[in-house]
Amino acid sequence: MAKPASRRPAARSSEERTWASLRSPGLLTRSVILFCLNVGVTVAMQVTSTGPQTIQKAQGDNVTLECEYTVGPSDTGELDIEWSRVSPDTTQKDELIISYTGSQKFVHGTSLAEGVDFAAADPSQGDASITIVPLTTAHTGTYQCKVKKGPGVDMRKVTLVVLVQPSAPKCWMEGSETVGGSISLHCKSSEGSSPITYLWKKETAGVLPPDATQNTMTGELLIANLSQSSAGAYRCEAQNAVGTARCRFVLHAVLPPNRSGVIVGVVVGVFLLIILLLMFIWFLFCLWDKRRYQKKVANELREEALKAPLNRTPSRFSGRRSTAAYSSVRSASSRTSGRRSPDSWLLGAGPENRYSYASELPGRD
């Protein structure tokens, strides 16, 4: 008896193989996920902003901290948005600044809340970004945006650094502007957030002299050998991450004076000074000698007057002669010394006064 022929399974068509593969649980799940991602369907709450995580701004400017989000189909709860500044101390609470819940905006009473507002008129439409106007150094910190719509929740952190622009620097010079000497130009800003870099440039050519070196941290430009080609206008720029300020200095190159001429001038000046000093000494000596001679003549005339016979009773004629004698003595003394003789008061005195004076003289009885 012949054996029945073995039956082979019929070959499956391509459609049957496709459906069989789709019925596999793992492959089906992966296909659904890929399809959802391709068509842009979000499976849960997600913050989609991809801006910089660290923002540097100048004091007085304004800034927008981005926080755009999308809601998943399963997120059916009430929308809740919170912006807070993260405390650097992990043991302290974060500082809540502004929030949106129940279709209402709430600004919390902190020092940072002034000038803070949502960028969009309706934050529930997918944009929870905030703006801060104007910025101060107190706004520096790390901010966190938290968006929640139950059961989905997502958050994003942004670090804000508020810097102060350099103030207008002061330019000055140390040293002498004499050709061949060494000078240093300095540039310094009194205000500004560190680090501040200083850069010197020459306005005319834009290139510094070959023997010049500068320190960009201290703002010093050193010119070791000043020449006439080094003279001109120089500009210093003080710069940090948020701004630039400038100052200007005009450098001169003065030729040194002729040393031989200076030496000759000093010698001539000293010689003239010596001559003037000798003339002054000679003048003082002449003045002293003249006064000594006048004093000697006055003493001699006084002695002659005292030797006159004053002890006799004067007659009218002798009184006249005595008066005439004294008048001549007084005239001679006045011509000699220009001053009155101490005995001149006797010339106009009467006989009684003259006899009284004579009796008082030494050696008179």
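In this text the structure is predicted, and so the values were computed from the model without any measurement.

A. Expanded view of the packing of aromatic side chains. In the structure shown here, the tally under the stated rule is 2 aromatic pairs. Judged by centre distance (6.3 Å) and plane angle (80 degrees), the ring pair of tyrosine 100 and phenylalanine 118 falls under edge-to-face. Here phenylalanine 118 lies in strand β8 (residues 116-118) and tyrosine 100 lies in strand β6 (residues 95-101), a separation of 18 residues in the sequence. According to the relative accessible area criterion, tyrosine 100 is buried, its value standing at 8%. Here phenylalanine 118 falls in the buried class, since its relative accessible area comes to 7%. Ring geometry for phenylalanine 285 versus tryptophan 288: centroids 6.0 Å apart, planes at 35 degrees, classification tilted.

B. Quick peek at the nonpolar core. Ranked by size, the top nonpolar core spans 27 residues in total, and within it Leu65, Ile81, Trp83 and Val147 carry the most contacts. Every element with two or more residues in this core is listed here: β3 (63-65), β5 (79-85), β6, β8, β9 (130-132), β10 (141-149) and β11 (152-163). Setting aside anything within four residues of it in sequence, one finds leucine 65 in contact with Ile55, Trp83, Ser129, Ile130, Ile132, Tyr143 and Val158. Formed by 17 residues, the second largest nonpolar core is a distinct cluster that contains Ile183, Ile223, Leu226 and Phe249.

C. Spatial organisation of the state of the cysteines. One pass over the structure, following the stated rule, counts 3 disulfides. Each sulfur of the disulfide joining cysteine 67 and cysteine 145 lies 1.9 Å from the other. Linking cysteine 67 and cysteine 145, the disulfide has an S-S dihedral of approximately -75 degrees and is accordingly described as left-handed. On the criterion of sequence distance, the pair formed by cysteine 67 in the loop between β3 and β4 (69-70) and cysteine 145 in strand β10 is long-range, its members being 78 residues apart. Paired through a disulfide, cysteine 171 and cysteine 247 show a sulfur-sulfur distance of 1.7 Å. Handedness of the cysteine 171-cysteine 247 disulfide follows from its S-S torsion of about 55 degrees: it is right-handed. Of this pair, cysteine 171 sits in strand β12 (residues 170-175) while cysteine 247 is found in strand β18 (residues 243-251), placing the two residues 76 residues apart along the sequence. We note that cysteine 171, like cysteine 247, is buried.

D. Structural detail: the pattern of salt bridges. Under the definition given, this model contains 6 salt bridges. Glutamate 203 is the salt-bridge partner of arginine 248, the closest N and O atoms lying 3.0 Å from each other. Remark: glutamate 203 occurs in the loop between β14 (197-202) and β15 (212-215) and arginine 248 occurs in strand β18; sequence separation between them is 45 residues. When its relative accessible area of 52% is taken as the criterion, arginine 248 is described as exposed. Classification of glutamate 203 as partly exposed rests on a relative accessible area of 33%. Put simply, arginine 246 and glutamate 237 hold a salt bridge, and the shortest N to O gap is 3.2 Å. Classification of glutamate 237 by relative accessible area gives buried; the value is 13%. Because the salt bridges share partners, they merge into one network encompassing Arg235, Glu237 and Arg246.

E. The arrangement of the sheet that holds β15 in detail. In space, the 4 strands of this open sheet follow the order β12-β13-β16-β15, with antiparallel pairing throughout. The open sheet terminates on both sides in strands that have one partner only, identified here as β12 and β15. Averaged over all adjacent pairs, the angle separating strand axes in this sheet is 15 degrees, with direction ignored. Here strand β13 (residues 183-188) runs beside strand β16 (residues 220-223); their pairing, made up of 4 bridges, is antiparallel. Opposite isoleucine 183, over in β16, you have isoleucine 223 as the bridge partner.

Cut-offs applied
Residues numbered from 1 in each chain as written. Predicted model: local features only at pLDDT ≥ 70, side-chain atom pairs only at ≥ 80, totals over all residues. Heavy atoms only, no water. Phe/Tyr/Trp six-rings, centres within 6.5 Å; stacked < 30°, edge-to-face > 60°. Helix = DSSP H or I, 4+ residues; strand = E, 2+ residues; numbered from the N terminus. Buried < 20%, exposed > 50% of the residue type's maximum accessible area, 1.4 Å probe, protein only. Core = buried A, V, L, I, M, F, W, Y, C linked by side-chain atoms within 4.5 Å. Contact = heavy atoms within 4.5 Å. Disulfide = S-S within 2.5 Å. Salt bridge = Lys/Arg side-chain N within 4 Å of Asp/Glu carboxyl O. Pairing = 2+ DSSP bridges. Axes fitted to C-alpha atoms, helices over the stretch in contact; angles between N-to-C directions.

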